[in-house]
Amino acid sequence: MSLLTALALVLGAIGIYGVVSHFVVRRRRDWGIRMSLGLSPSRVVGGVVRRSATLVAVGVSIGLLAFVVFARLLSSLIYGVGATDPLAIAAAVVALRTVGVLAALVPAARAGRTDPAIVLREQ
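Residues numbered from 1 in each chain as written. Predicted model: local features only at pLDDT ≥ 70, side-chain atom pairs only at ≥ 80, totals over all residues. Heavy atoms only, no water.

### Describing the pattern of salt bridges
Piece 1. Inspection of the entire model under this criterion finds two salt bridges.
Piece 2. R27 is the partner of D30 in a salt bridge, and the nearest nitrogen-oxygen pair spans 3.2 Å.
Piece 3. Take D30: its relative accessible area is 36%, and that puts it in the partly exposed class.
Piece 4. A salt bridge links E122 to R28, with the nearest nitrogen and oxygen atoms 3.0 Å apart. (Salt bridge = Lys/Arg side-chain N within 4 Å of Asp/Glu carboxyl O. Buried < 20%, exposed > 50% of the residue type's maximum accessible area, 1.4 Å probe, protein only.)

### So, the confidence of the model for the protein
Piece 1. Residues with a pLDDT of 70 or more make up 94% of the protein, whose mean pLDDT is 86.
Piece 2. By mean pLDDT, the top-scoring element of the protein is helix α3 (residues 41-69) (90), and the lowest-scoring one is helix α4 (residues 71-75) (75). (pLDDT = per-residue confidence, 0-100. Helix = DSSP H or I, 4+ residues; strand = E, 2+ residues; numbered from the N terminus.)

See the structure below:
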């Protein structure tokens, strides 16, 4: 069960990385223009991470709602942990939020290193 949990967490991190990376590529020109007008790279990184954290929070909220709906079914599948064990739920939420934000840092750093001159020359 731990192996499957770790695999699910890794797959989730890869998915978040892919979505955020796609978002960064699509908005590269916007950030290049804004950075040429004076936006600092740290604000770009902060904006990307903040947006990613918001998306992860929405996903965790939907997951918690689904968990509440299916808690009775899940209680028969989990050995030694109650279906509504607050410590296990809190640990899962913290782990998912942490992995989500860490997965977003690499594309966010790439967005912060956008060179306005190169972006503006592309078009």
